[in-house]
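Understanding the architecture of this molecule
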Amino acid sequence: MSTQKGFEEPSYLEYKGKYKGIFSWILSTDHKRIAILYLFSLLTFFAIGATLGLLMKLELIAPGKTIMTAQTYNAFFTLHGIIMIFAVVIPGLPAVFGNFFLPIMIGAKDVAFPRLNLLSWYFYVTGVSLVLISQFTGQGPPDTGWTFYAPYSFRTTGNMLPAVFGAFVLGFSSILTGLNFLVTIHRMRAPGMTWLRMPLFPWTLYATGWVQLLATPIIGITLLMIVAERTLHIGFFDPTLGGDPLLYQHLFWTYSHPAVYIMILPAMGAISEIIPTFCHKTIFGYKFIVASSIAIAFVGYFIWGHHMFTSGMSGTALYTFSLLTFIVAIPSAVKVFNWISTMHKASIDLQTPFFWAVGFLFVFMIGGFSGLILGSLATNIHLHNTHFVVAHFHFIVFGGTGYAFFGAMHYWYPKITGKMYDSRWANTGLIIFFAGFITLYGEMFFLGMRGMPRRYYDYDEIFHTGNIFSSLGAVVMYFGLAVIIINLFSSLRNGAKAPSDPWGGKTLEWTIPSPPPVENFEEIPVVTKGPYNYK
Amino acid sequence: MILVTHRDDLTSKTGMWLFLFTEMLLFGGLFIVYSVYRYRNPVSFHLAAHDLSVAIGTINTIILLVSSTTIAMSITAIQKKNKKLALLLLGMTIVLGLAFLVNKYFEWGKHIKEHIYPGSSVLALRGHGDVLFYGLYFFMTGLHALHIIIGLVFIMVITASILRDKINSENYVLLENSGLYWHLVDLIWIFLFPLFYLIT
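Residues numbered from 1 in each chain as written. Chains lettered and ligands numbered in written order. Predicted model: local features only at pLDDT ≥ 70, side-chain atom pairs only at ≥ 80, totals over all residues. Heavy atoms only, no water.

1. Let's talk about the overall build of chain B
Which entries qualify depends on this criterion: The helix count covers DSSP runs of H or I at least four residues long, the strand count covers runs of E at least two residues long, and both are numbered beginning at the N terminus. Per-residue accessibility, obtained with a 1.4 Å probe over protein chains only, is compared with the maximum for each type, and a residue is labelled buried under 20%, exposed over 50%, and partly exposed between these values. Contacts were defined at the residue level, with two residues in contact if any of their heavy atoms lie within 4.5 Å.
Of regular secondary structure, chain B possesses seven helices and zero strands. The order of helices and strands in chain B, counted from the N terminus, is α-α-α-α-α-α-α. Considering chain B as a whole, with its 200 residues, one finds that 50% of them fall into the buried category. For chain B, the share of sequence-separated contacts (at least 6 apart) that also reach a separation of at least 24 residues comes to 81%.

2. Some words on empty space enclosed by the protein
Residues and elements named next belong to chain A. Worth spelling out the cut-off: In the cavity and pocket records, a cavity denotes points on a 1 Å grid over the protein atoms alone where a 1.4 Å probe fits but cannot get out, a pocket denotes an open set with protein on both sides within 12 Å along at least 5 of 7 lines, and lining residues are residues with an atom within 4 Å of a point. Grid points are joined across faces, edges and corners, and a volume is the space filled by probe spheres set on the points. Residue polarity follows a fixed list, in which Ala, Val, Leu, Ile, Met, Phe, Trp, Tyr, Cys and Pro are nonpolar, Asp, Glu, Lys and Arg are charged, and the others, Gly among them, are polar.
As enumerated under the stated definition, the model contains two cavities of 30 Å³ or more in all. Taken as a whole, the largest cavity holds about 70 Å³ of empty space. Around the largest cavity, the lining residues are Y38, F86, I90, P91, A95, Y124, L170, S173, S174, T177 and Q212. Considering each element in turn, the lining of the largest cavity owes the most residues, four residues, to helix α6 (residues 160–187). For the lining of the largest cavity, a count of residues per class yields seven nonpolar, four polar and no charged.

3. Here we look at the side chain of T78 of chain A
Residues and elements named next belong to chain A. For clarity, the cut-off: For the purposes of these results, a polar contact is taken to be a pair of N or O atoms within 3.5 Å, where, inside protein, one atom must be able to donate a hydrogen and its partner to accept one; residues adjacent in sequence count only when each atom of the pair is a side-chain atom.
Within the secondary structure, T78 sits in helix α3 (residues 70–89). A distance of 3.4 Å separates a polar side-chain atom of T78 from the backbone nitrogen of T144. Of note is the side chain of T78, whose polar atom sits 2.9 Å from the backbone nitrogen of G145. The residues touching T78, leaving out its near neighbours within four places in the chain, are P142, D143, T144, G145 and W146.

4. Description of the packing of aromatic side chains
Residues and elements named next belong to chain A. Quick reminder of the rule: Each aromatic pair joins two rings of Phe, Tyr and Trp (for Trp, the six-membered one) with centres within 6.5 Å, and gets the label stacked for planes under 30 degrees apart, edge-to-face for over 60, and tilted for any other angle. Geometrically, a charge over a ring is one whose NZ (Lys) or CZ (Arg) sits within 6 Å of the ring centre while staying within 35 degrees of the ring normal.
The full count for this structure, using the stated rule, is 74 aromatic pairs over all chains. Consider the rings of F236 and F237, whose centres lie 6.1 Å apart with planes at 50 degrees: the pair is tilted. Accessibility assignment for this pair places F236 and F237 in one class, buried. Measuring from centroid to centroid gives 5.4 Å for Y403 and F433, while their planes differ by 55 degrees, and the two rings are tilted. Of this pair, Y403 sits in helix α13 (residues 387–417) while F433 sits in helix α14 (residues 423–449), placing them 30 residues apart in sequence. A relative accessible area of 0% means that F433 is categorised as buried. The positively charged end of R33 is found above the aromatic ring belonging to W25, 4.0 Å away from the centroid. The positively charged end of R189 is found above the aromatic ring belonging to W195, 4.1 Å away from the centroid.

5. Quick look at the environment of F364 of chain A
Residues and elements named next belong to chain A. Here F364 shows up in helix α11 (residues 352–375). Judged by relative accessible area, which is 8%, F364 ranks as buried. Each C-alpha atom, one on F364 and one on G269, is 14 Å from the other, the two residues being 95 residues apart in sequence. Non-local contacts of F364, meaning those with residues more than four positions away in its chain, are made with I264, M268, S332, V336 and I396.

6. Overview of the packing of helix α2 (residues 31–59) of chain A against α13 of chain A
Residues and elements named next belong to chain A. Filter applied, for reference: Helix axes are fitted only over the stretch in contact, all axes being lines through C-alpha atoms; the angle between N-to-C directions runs from 0 to 180 degrees. In what follows, roughly perpendicular refers to angles from 65 to 115 degrees, roughly parallel to angles under 35, roughly antiparallel to angles over 145, and oblique to any angle outside these ranges. Put simply, a crossing is left-handed when the front helix is turned counterclockwise from the back one by less than a right angle, and right-handed when it is turned clockwise.
Where α2 contacts α13, the axes come no closer than 14 Å and their chain directions differ by 140 degrees. Compared by their axis directions, α2 and α13 come out oblique. In the crossing of α2 with α13, the sense of the turn from one axis to the other is left-handed. On α13, the residues that touch I36, L39, L42 and F46 of α2 are F398, F405, F406, M409 and I416. Classifying every residue of the contact of α2 with α13 gives nine nonpolar, no polar and no charged.

7. What to know about the interface of chain A and chain B
Convention followed: Should a side-chain nitrogen of Lys or Arg be within 4 Å of a carboxyl oxygen of Asp or Glu, the pair is scored as a salt bridge.
Contact with chain A, which involves 36 residues of that partner, is made by 31 residues of chain B. Summed over the shared surface of chain A and chain B, the number is two salt bridges. Residue D8 of chain B is joined to R187 of chain A by a salt bridge in which the shortest nitrogen-to-oxygen separation is 2.8 Å. The tally of links from chain A across to chain B stands at six residue pairs in polar contact (both at pLDDT 80 or more). Residue assignment for the side of chain A that touches chain B shows that the elements contributing at least two residues are α6, α7 (200–232) and α8 (245–279) of chain A. Broken down by element, the residue count for the side of chain A that touches chain B peaks at eleven residues, all from α7 of chain A.

See below:
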C-alpha cells in the first residue's frame, strides 16, 4: 500500500508509552499489547494444563496405581478442567487474536473501552491465581471436576471456595471482553465497512460476544449460589434442605453449553480467514457463513439438556433437547461445506496455517459426528460418562479450538511479531502433534464404546492395550507441541523480516506494516469492497 | 506522538446498556430458582411471606422510586447548567439509598433476632419450604442490597466529579450511566417486592 512509505510511527513493540520495562506492558491500554499479555499468560496456563493432562495419561498407562493416588488424580482432572476450560479455551481466540485483530480488521484504532480491556486481563489473572491458590491452601485441592456438581461441591472437604470464586472472576473477565467487542463492532467500524463487508473473524467475535454477554451471568449467579451454599448452608441445591441438585445441573449447563460456542465460534472465524487467503479465492457463501454463526449462537442456548440425558428429565424434555442438538449441527455443517467449496478449483498455497486449517476440518468433523452419536437418546445411555465423551470433547474443543488457535498463531505470527517462522519445523511439529493427537484421543472412542468410564484413575485389565496406545499418543503429542512452540520462540530471534502481506491476504490487517504501528492506521481506511476480494 | 483520546457518548451508553443486560440475567437465574421452588412449595411460600412486613416493603419501594426520580432530574439539571440543583438532587438520591439500607437493616435484624436466617436450626424446624423461602429472601435481597451499595458509591464518585466540574453540561455521560444503573437497581426491587412481600 502506498501509505507505507510515509509511516513514521514506531511499531507497537517499540513504542513504550509513559511507562518503562514490564510496566509498559502490564499498564498499557493498547489492544495489541493486551493481546500479547493474554497470549503469554494463556500459554503459561496451557503448559500447566497440558502437563497435568500428560501426568493423568501416564497414570492410566497401566491398571491400578501407577504414579499417583486416586485423590491426586481427582484433583488433577479438576484443575486440568478448570484451567483448560475457563483460562485457556474460553478466552483463547477472542482474548488473544480478537484483541489484536478485531480493531485492525474493522479499521479502528483500538477497542471501544481500552481501559476496561486491560481490567479484564487483570480479572483473568486474578481468577486463575485464585484457582491455583485453591490447590495449596485449606484442606486439600478441589476434587469435583470442573463442573462443580451439587451436592458434592458443598460437601467435599476440598478447598472449593477459591476455585469457585476464581471461576466467577474469570466469567467476569469474559463478560467484559464480550461487551467490549460488541460495542467496538457496533460503533467503530471504518467508513464503508458495512455489516456485510465485515470479515468473518469479526463476525464470529460478534456472535461470541452475545453468547459471552447473555450466558455468562447465569454461571456467575450459579457459582455464587454454590459459595452461599458452602458458607451459609442456604439449601438451594441440598436435597436434605429441600433443594434440588438437578436444578444446579440445569443452571450450570445453561451457561456451560453455550460456552462451547464461545470456544468454537471464534475458531471457525479464524479458519474462515485462513482458507480464502491460502486459496487466493473469495470465500464461498459469505452470507451463509455469517448467518450460520448467528444461528449457532442462537440455537446453542437451547440445547444444554443434552448433558443431562441420564440425570432424570421428562420424556418431552429429552426428545426436545435431542432434536435441538441435531438442529445445531446444521449451521456447523454449512460452514464445513463452504470451506470445502472455497478450496474447489483454487490454486492453493500449501503453507503451515493452511495445514492447520485442514487438520481442523478433519478432527472437527470426527468430533462433530461423534457429537451426534451422543445427542441420540438411545446411544447416549450407553456412552454417557464413558471415555467416548472425553474423546468427543477433546476432538471438538482441543481439535477444534486448539487447531484453530495454532492455525491462527501461524497465520498471524508474521503480523504480530514482524518475523517469519521456520515453516519446515512448524510443519514437522504439526505432523508429530497430529499423529499424537489421533492416537491419544482416537483410541478413547473405542475404550468408551467398550464401557471404560471417565474420571477413574483405575480400570479393568481388558482396557489395558487401548490405554497404552492412548498414553503413548499423549507423549508424542506433548513432544509435538514442544516442537511447535520452541520453533515459534526461536523464530522470534532467527526469523527473517516479515513483509506487510506475506500470504497475499486481502483483509485490512495485511495493508499495514508488520508489526503494526501503535495507532494501527495512519489514516482510517475507507472500505469500498467486501472482504476476500480476489479476482 | 500522543494517542488521541476520543469521546463518544453513545459508545459508552451502549456499553452500559449491555452491562445492564448481564445484571438482569444475573438476577434472572435467581428468579428461575425462585419460581421452581415456589411451584414445589406453594403453601409454605404462601405462609412464610406473611411474616414479612408489607409496610416496610412498601416504604422501601416508594423510597427507591423517588430516588430514581431524583437522579433522573439531576441529569436534566446538569443539562440546564444548574450545578447546584444537580448536586442537591444527587444528595437526595444518596440519602434515599441510605434510608433504604437502614430499613433493610432493621428488617433483617428482626428476622435474625427471631432466629430466622440461613443455617439456623429454628428455621430448619419449620420445614423445607420455609428454609428455601428465607434462603432466597436473604440471598436475593442481600445481593440487591450489595447493588444498592455499589450504586451509592458510583453516585458519590459522580457527585465528587460534579463538584470538581469534571462532569458538566458538556460531558455528563457518566452521570447518565450511573442513572441507568440506579434505575436497574430500582427495577430489580420492583420485581423482588411482589415476589417476597405481596404474593401471599
